[in-house]
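Residue-level listing of the chains:
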Amino acid sequence: MTLQIRRAPVKEVDLQTVYDAVVVGSGAAGGTASHVLTSRGLKVLLLEAGRKLDLEKELRSMEWPYDHPRRGQMPPDREALRLNEYTIRNPPYAQGSKAKHVYSYVQGWSGSDYSKNIVVDEKANPYTGTKYAWVRARCLGGKSNIWGRLALRLSDYDFKAKSHDGYGEDWPISYADVAPYYDKVDLYLGISGHKENLPHLPDSLFQRTTRLNPAEVRLRRTLKKMDRVLTPYRAGVTTDGLKHNKYRSRCFGRGACSRRAGGCDIHAAFDSPTGFIYPAEDTGRLTVRTNSTAYEVTVDPATGKARGVAFVDTVTGKHHEARARVVVVAASTLESARLLLLSRSAAHPNGIGNSSGHVGHNFCEHVMGPSVSGLVKEMVGKPRTLDDGRPGGFYIPRFRNLKDRHPNFIRAYGFEGGSGTGMFPGAAGSTPGFGSAFKKTVRDNAGAYIDMGGFGEVLARYENWMDIDPQVKDRWGIPVLRFHYNFGDNERKMAADMADTAREMFEAAGIEVLGVDREMLTEGWSIHELGTARMGTDPKTSVLNQFQQSHDVKNLFVVDGSSHVSASCQNPTWTIMALAWRSCDHLADELQRGNL
Ligand SMILES: Cc1cc2nc3c(=O)[nH]c(=O)nc-3n(C[C@H](O)[C@H](O)[C@H](O)COP(=O)(O)OP(=O)(O)OC[C@H]3O[C@@H](n4cnc5c(N)ncnc54)[C@H](O)[C@@H]3O)c2cc1C
Ligand code: SF4
């Protein structure tokens, strides 16, 4: 298969046309919307705040550190925020920094030069309030260009969580409603994984799975005896290839693949531009305008319905309005809430779609931090294996609060982990000593190292919320988001259990425990933000209906993670795309019927 690389000429976008739909944001959610709506015959305008990047040139996945003048690191006038800056200070974190450009913590991971143009410059895009490690990507495709690819389904343990433990709200849908759309996402984008037949982690329509290495197989065998499961990383990656998509290649499991924040320059890992947007453009029905930051959903004063979207061109500073019959907001959970709250008018004085007062509330995500690292003694000094050339290591699905009830907390957590020889030996930093003995130990232990970290559900609570800061504005004069958010007691108790069970599992497998981290990382660290415009059946306590359609404004849809009622502990992106697909199908039907 020959990969088709797009270098489209820049042309002025027609803003006189009234489009069938205007979509705000081009990440996983906006990409799905663009694909589904154009394939249903609609004329769509996609507005994206960031630039269109030449991603193959940005990512250079196969460049080795010694090929790069700074061994892959950013130029000296740029810096990434460090762990302690988030734990000690409050936002705006870049305030007072001497660096010309400041980025969130993910930029501090290895190979920071390769994604510096993908994530936002914190100096231009501040936010305020309580501590929050907010990771934003601003370019065509958003965070999908660098996501970790763990692609999981939710189950009725999640959609009907309140029915299990009495807390919060059930979703207005069940697994049976979403399953056909998970299938569509699986088949259209490709997903690799191994069937396990678990009711709490439904299987996808998997392509070829990646293989566990010996240390991981050993842990899997031990966990089986404990009635727990370790499964190969379920990756949003096409391992067998996709005949219908000329922009993506199958995964070759090359060598430097595990560099993060990284992405995949042959697009075997899903990203929204090659997965959705380029194919949608090929239909002739999608128009993309980048450098276009939306700051208001405009309203027809006669009807109160959405009329279009006002945006600023981030290069020229000029303001424009795009008009459409339907507005689809997909700017990512927190940015979507910001846009709704900014869209105040006589018809919608608290922000569009916010008659319930719930926009910005019920925020939820994942708590992470507790982790374990260890050494599989039998692997020490063994020949190297290629373990970077995989889209991921392993996943341990939740095992708490399924058949029994934990006395200290509700809901659950899962673990992501990996082992084997990577480009950089993971344990080098914590290995004591110096000189040749140190080097030998690091080399001998490189393939024997294994670690894993937990991702736990943060409960959706009305008191965890965001609003618009009355004073602070971004570089383009748009008021910024202010956080009022803290972890609660359930999260703290769950995190303690994560650390205990992580150690317990390694010890049971005979893995020498090198360290157990019990600390929770700062709020936001998981990059799985959800819930700021939740769906529900009651317009007084929810913002959207089951099709992510505003209760108040019938031609307004919000198709990203803001609609999620609870966070589950599974990573959200596959669900975001399945729900967006379902809602956009409904939108197209309703438009055809003349109901919007
Ligand atoms: C390093 C990393 C690892 C991750 N790992 C995983 C994982 O393993 N599994 C998983 O499920 N998820 C993972 N995620 C999260 C995943 O990337 C997100 O869930 C997903 O991208 C959300 O899709 P979205 O479309 O809502 O938002 P995004 O992908 O962020 O896209 C939103 C887009 O909207 C644009 N935008 C924002 N505001 C405006 C505006 N006002 N006007 C116009 N455009 C706007 C942005 O520029 C952006 O392009 C990870 C994320 C990161 C960064
Ligand atoms: S392992 Fe596969 S999906 Fe991951 S970066 Fe390499 S080629 Fe891409």
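Quick note: structure is the one above.
Residues numbered from 1 in each chain as written. Chains lettered and ligands numbered in written order. Predicted model: local features only at pLDDT ≥ 70, side-chain atom pairs only at ≥ 80, totals over all residues. Heavy atoms only, no water.

1. Examining the overall build of the protein
- Helix and strand counts for the protein come out as twelve helices and 18 strands.
- Compactness check: the protein gives a C-alpha radius of gyration of 23 Å against a globular reference of 25 Å for 596 residues, within 12% of the reference.
- Dimensions of the protein, computed from the C-alpha atoms along their principal axes, are close to 75 × 55 × 50 Å.
- In the protein, which comprises 596 residues, the proportion classed as buried is 62%. (Helix = DSSP H or I, 4+ residues; strand = E, 2+ residues; numbered from the N terminus. Rg over C-alpha atoms; globule rule 2.2 N^0.38 Å. Buried < 20%, exposed > 50% of the residue type's maximum accessible area, 1.4 Å probe, protein only.)

2. Section: the packing of aromatic side chains
- According to the stated counting rule, one finds 24 aromatic pairs in the structure shown.
- Consider the rings of tyrosine 132 and phenylalanine 483, whose centres lie 4.4 Å apart with planes at 20°: the pair is stacked. Of this pair, tyrosine 132 sits in the loop between strand 5 (128-129) and helix 4 (156-159) while phenylalanine 483 is found in strand 16 (residues 479-484), placing the two residues 351 residues apart along the sequence. Side by side, tyrosine 132 and phenylalanine 483 carry an identical accessibility label, which is buried. (Phe/Tyr/Trp six-rings, centres within 6.5 Å; stacked < 30°, edge-to-face > 60°.)

3. Some words on the side chain of asparagine 213
- Tracing the sequence through the fold places asparagine 213 in the loop between helix 6 (175-189) and helix 7 (214-225).
- Filtering out sequence-adjacent residues up to four positions away, asparagine 213 remains in contact with Asp387, Arg390, Ser419 and Gly420. (Contact = heavy atoms within 4.5 Å.)

4. As for the packing of helix 1 (residues 28-39) against helix 12 (residues 573-592)
- Interaxial distance between helix 1 and helix 12 falls to 9 Å at its minimum, and their mutual angle equals 35°. In this structure, helix 1 meets helix 12 at a crossing whose hand is right-handed. Across the interface between the two elements, Ala28, Ala29, Thr32, Ala33, His35, Val36 and Leu37 from helix 1 touch Thr573, Ile576, Met577, Ala580, Trp581, Cys584, Asp585 and Leu587 from helix 12.
- Classifying every residue of the contact of helix 1 with helix 12 gives eleven nonpolar, three polar and one charged. (Axes fitted to C-alpha atoms, helices over the stretch in contact; angles between N-to-C directions. Left-handed = near helix turned anticlockwise from the far one by under 90°. Nonpolar A, V, L, I, M, F, W, Y, C, P; charged D, E, K, R; others polar.)

5. Some remarks on the sheet that holds strand 14 (residues 449-457)
- Read across the open sheet, the six strands follow the order 6-12-13-14-11-17; overall the sheet is antiparallel. Bordering the open sheet on either side are strand 6 (231-232) and strand 17 (512-517), each of which pairs with just one other strand.
- Here strand 11 (residues 366-375) pairs with strand 17 via five bridges, running antiparallel. Opposite serine 373, over in strand 17, you have glycine 515 as the bridge partner. (Pairing = 2+ DSSP bridges.)

6. Observations regarding the site of ligand 1
- Close contacts around ligand 1 come from 37 residues, with Ala29, Glu48, Gly148, Leu150 and Thr573 the closest.
- Within the contact set of ligand 1, an oxygen atom lies 3.1 Å away from a backbone nitrogen or oxygen of cysteine 139.
- Contact with the protein chains covers 96% of the free accessible surface of ligand 1, which is 990 Å².
- The element best represented in the shell around ligand 1 is strand 8 (residues 292-299), accounting for three residues. (Near = heavy atom within 4 Å. Polar contact = N/O pair within 3.5 Å; in protein donor to acceptor, adjacent residues only side chain to side chain. Areas by Shrake-Rupley, 256 points an atom, 1.4 Å probe, with all protein chains shown as cover.)

7. A word on a nonpolar patch on the surface
- On the surface, a nonpolar cluster with roughly 470 Å² of combined accessible area is contributed by Trp64, Tyr66, Met423 and Phe424.
- Its location among the elements puts tryptophan 64 in the loop between helix 2 (55-59) and strand 3 (78-80).
- Judged by its relative accessible area of 30%, tryptophan 64 falls in the partly exposed class. (Patch = residues over 30% accessible without salt bridge, like charges linked within 9 Å, V, L, I, M, F, W, Y side chains within 5 Å. Salt bridge = Lys/Arg side-chain N within 4 Å of Asp/Glu carboxyl O.)

8. Re the site of ligand 2
- In the neighbourhood of ligand 2, 13 residues make up the surrounding shell, with Arg149, Cys251, Arg254, Cys257 and Cys264 lying closest.
- In a pocket analysis with a 2 Å cut-off to the grid points, ligand 2 is assigned to the largest cavity.
- Class assignment of the residues belonging to the shell around ligand 2 gives a composition of nine nonpolar, one polar and three charged. (1 Å grid on protein atoms, 1.4 Å probe; cavity = no way out; pocket = protein on both sides within 12 Å on 5 of 7 lines; lining within 4 Å. Sits in = over half its atoms within 2 Å of the grid points.)

9. Points about the sheet that holds strand 16
- In spatial order, the strands read 5-16-15; together these three strands make up an open sheet with mixed pairing. The strands lining the two open edges of the sheet, one partner per strand, are strand 5 and strand 15 (465-473).
- Judged from the five bridges that link them, strand 15 and strand 16 form a sheet pairing that is antiparallel. Within strand 16, the position partnered with methionine 466 by the bridge is phenylalanine 483.

10. Looking at empty space enclosed by the protein
- Applying the stated criterion across every chain, the model contains five cavities of 30 Å³ or more.
- Along the wall of the largest cavity there are 16 residues; nearest its centre are Arg149, Cys251, Arg254, Cys257 and Cys264.
- In terms of residue class, the lining of the largest cavity is made up of nine nonpolar, four polar and three charged.
- Its volume calculated, the second largest cavity comes out at about 60 Å³.
- Ser144, Asn145, Gly263, Cys264 and Asp271 are, among the 13 residues lining the second largest cavity, the residues nearest its centre. (Points joined across faces, edges and corners; volume = space filled by probe spheres on them.)

11. Quick look at helix 7
- In a regular helix each residue adds 1.5 Å, so twelve residues correspond to 16 Å; helix 7 covers 17 Å between its end C-alpha atoms and thus fits that length.
- Where helix 7 is concerned, the buried positions are Ala215, Glu216, Leu219, Thr222 and Leu223. Summarising the axial view, the buried residues of helix 7 lie within an arc of 125°, below the 170-degree limit, and thus occupy one face. In helix 7, the exposed positions angled more than 90 degrees off the buried face are occupied by Pro214, Arg221, Lys224 and Lys225.
- Packing partners of the buried residues in helix 7 comprise strand 12 (394-396), strand 13 (413-419), strand 14 and helix 11 (489-508). (Expected span 1.5 Å × (residues − 1). Arc of directions from axis to C-beta.)

12. Description of the pattern of salt bridges
- All told, the structure shown has 41 salt bridges when counted by the stated rule.
- As a salt-bridge pair, glutamate 122 and arginine 136 come within 3.1 Å of each other at their nearest N and O atoms. In this pair, glutamate 122 is assigned in the loop between strand 4 (101-103) and strand 5 and arginine 136 in the loop between strand 5 and helix 4, connecting sequence segments 14 residues apart. For the pair shown, glutamate 122 and arginine 136 are each scored as buried.
- The partner of arginine 593 in a salt bridge is glutamate 590, with the nearest N and O atoms 2.5 Å apart.
- What makes arginine 593 exposed here is its relative accessible area of 54%.
- A relative accessible area of 13% places glutamate 590 in the buried class.
- Counted as one network, the salt bridges with shared partners bring together Arg60, Glu63, Arg70, Asp113 and Lys116.

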